[in-house]
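Coordinate analysis (summary)
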Amino acid sequence: MQLQIKQKLAFLSALALLFSYAEMILPRPLPFLRFGFGNIALLLSLELPFSQFLLLAFFKSCVSSLVSGTLFSPFFLISISQTFASGLLMYFLAFFNRKSGARLFSVYGISVSGSVLSAAVQVYCCVLYLGYGVTGLLGPMIIFNTLSGILTAFFSTKIGVHSFESLNLSLSESGTKQEKRNSSFFPQIFAAIFLLSVTGSVFFIQNTYALVFILLSGFIAQKICKRKIFILPHLFMWIFVLVSSIFEPSGKVLFKIWHFSVTDESLFLAFQKSIRLSAAAAFSQCAFLLKLPENSILALTLECYKKMNESFRNTDGSVFQKLKAVLGKQQ
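Read on for a plain summary of the structure.

Basis of the calculations
- Position numbers for residues start from 1 in each chain and track the written sequence from start to end.
- In keeping with the predicted nature of the model, local features appear solely for residues at pLDDT of at least 70, side-chain atom pairs appear and are counted solely at 80 or more, and the whole-chain, interface and lining totals rest on all residues.
- Each side-chain value is worked out from all heavy atoms of the structure, with water and hydrogens disregarded.
- In this description a helix means any DSSP run of H or I spanning at least four residues, a strand means any run of E spanning at least two, and both kinds are numbered starting from the N terminus.
- Angles shown run from 0 to 180 degrees and are taken between the N-to-C directions of axes, each axis being a line fitted to C-alpha atoms and, for helices, limited to the stretch in contact.
- Small angles under 35 degrees read as roughly parallel and large ones over 145 as roughly antiparallel, with 65 to 115 read as roughly perpendicular and the rest as oblique.
- Left-handed describes a crossing in which the near helix is turned anticlockwise from the far one by less than a right angle; the clockwise case is right-handed.
- The contact criterion used throughout is that any non-hydrogen atoms of two residues lie within 4.5 Å.
- The pairing criterion for strands is at least two bridges between them, as found by DSSP.
- In this scheme Phe, Tyr and Trp rings, the latter by its six-membered ring, pair at centre separations within 6.5 Å, and the angle between planes marks the pair as stacked below 30 degrees, edge-to-face above 60, and tilted otherwise.
- Each residue is placed in one exposure class: buried if its accessible area under a 1.4 Å probe, protein chains only, is under 20% of its type's maximum, exposed if it is over 50%, and partly exposed if it falls in between.
- Our definition puts a charge over a ring when NZ of Lys or CZ of Arg is within 6 Å of the ring centre and also within 35 degrees of the ring normal.
- Multiply 1.5 Å by the residue count of a helix minus one, and that product is the helix's expected span.
- Residues are grouped as follows: Ala, Val, Leu, Ile, Met, Phe, Trp, Tyr, Cys and Pro are nonpolar; Asp, Glu, Lys and Arg are charged; all remaining types, including Gly, are polar.

**Quick look at unusual backbone geometry**
With a phi angle near 60°, K226 is a residue other than glycine that sits in the positive phi range. For K226, the location among the structural elements is in the loop between α8 (208-224) and α9 (231-246).

**A word on the packing of helix α3 (residues 50-68) against helix α11 (residues 297-314)**
Running from amino to carboxyl end, α3 crosses α11 at an angle of 60°, the nearest separation of the two axes being 10 Å. As the angle between them shows, α3 and α11 are arranged oblique. As for how α3 packs across α11, the hand of that crossing is right-handed. Facing F59, C62, V63, L66 and V67 of α3, the residues of α11 in contact are I297, L298, T301 and L302.

**A short note on the pairing of strand β1 (residues 253-257)**
Of the pairings in the sheet, the one linking β1 to strand β2 (residues 260-263) comprises 4 bridges and is antiparallel in character. If you follow V253 over to β2, its bridge partner there is T263. Taking the residues that link successive antiparallel strands as the turn, the β1-β2 hairpin has 2 residues, and the phi of W258 there is positive, at about 60°.

**Notes on the packing of aromatic side chains**
Scanning all chains against the criterion turns up 9 aromatic pairs. Arranged with centres 5.4 Å apart and planes meeting at 85°, the rings of Y129 and F203 form a pair that is edge-to-face. Of this pair, Y129 sits in helix α5 (residues 107-130) while F203 sits in the loop between α7 (185-201) and α8; the two residues are 74 residues apart in sequence, bridging distant segments of the chain. When its relative accessible area of 21% is taken as the criterion, F203 is described as partly exposed. The ring of Y91 has R98 sitting right over it, with the charged end atom 5.7 Å from the ring centre.

**Observations regarding α5**
With 24 residues, α5 extends 34 Å from end C-alpha to end C-alpha; this agrees with the ideal 34 Å at 1.5 Å per step. Phi for G131, located one or two positions after α5, is positive at around 95°.

**Things to note about the side chain of S148**
Summarising the element assignment, S148 is placed in helix α6 (residues 138-158). We classify S148 as buried; its relative accessible area is 1%. The residues touching S148, leaving out its near neighbours within four places in the chain, are F35 and S115.

**Describing the packing of helix α4 (residues 74-100) against α5**
With their axes 8 Å apart at the nearest point, α4 and α5 run at an angle of 155° to one another. In terms of orientation, α4 and α5 fall into the roughly antiparallel class. Classified by chirality, the crossing of α5 by α4 is right-handed. For the pair formed by α4 and α5, the contact residues are I78, S81, Q82, A85, S86, L89, M90, L93, A94 and N97 on the first element and I110, S111, S113, G114, L117, S118, V121, Q122, C125 and C126 on the second. Here the residues of the contact of α4 with α5 are counted per class, giving 11 nonpolar, 9 polar and no charged.

Take it as geometry only, folks, not as evidence of what the structure does.
Have a look at this one:
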């Protein structure tokens, strides 16, 4: 693949990360709800060739999961599934606009369509693990994602990248400027296989004590890798799993919340499922130590994001002024 195409995809993937970072600064109705502003990069890329757009969707999911520490967890599968589903729908609607010669779908219609489909895919991916009880959250999520789709479209019209040909990312042609570590290719592969094996095998373990032990081991591994342990994301995830279990009661009724029965077996299963997800997420946090191949799109993306993030932090003004300044410096 040509370096120019790599730089273009790296820039757009880094841009998605930057929008996600900016989203964290803005107020949200609930801490665990995300507007998905990373999709702004996809909206700005609907005129790319189809193959490049697919690669962008793939690397957007990979690099965001690598940075957030979910690359070797089920959350990556959910992320890449909803990104591909919503991205393909948005690309098809934009392609239909171009071929028909009429703007049947505005950027708002395209964005909302992709956002709503993303919510549906996310919920039904969760069904595979949490059961059909989670479908009770589909309605509220569609409403929230409709709002987020409108906001994403609005911001994409305010912040645009008009020419990719003039991008100057100041990246070295030989690859990134990462320090070379005294490690070969095979230890990296072994470490990746080990993380994938641990995070995968945890879903086949039925003993609760063993699951708790693996979870604690995952937190210890995070500390050894000098990765911060954030408890709140785990708590929010546990609450989500426990709430979804109410919609699928099983076993003896312990008490009732409004019209919903809370049963002992559903609570126990929800507890085990929560531990598995937390354990997988804890070990997956260690993936950031893996050395990326030089000149790869992922490595270029991380270098580009580092430059963007530094510029964003050092620029005064509102979030939008910061973003415009960063984009201006990249062109």
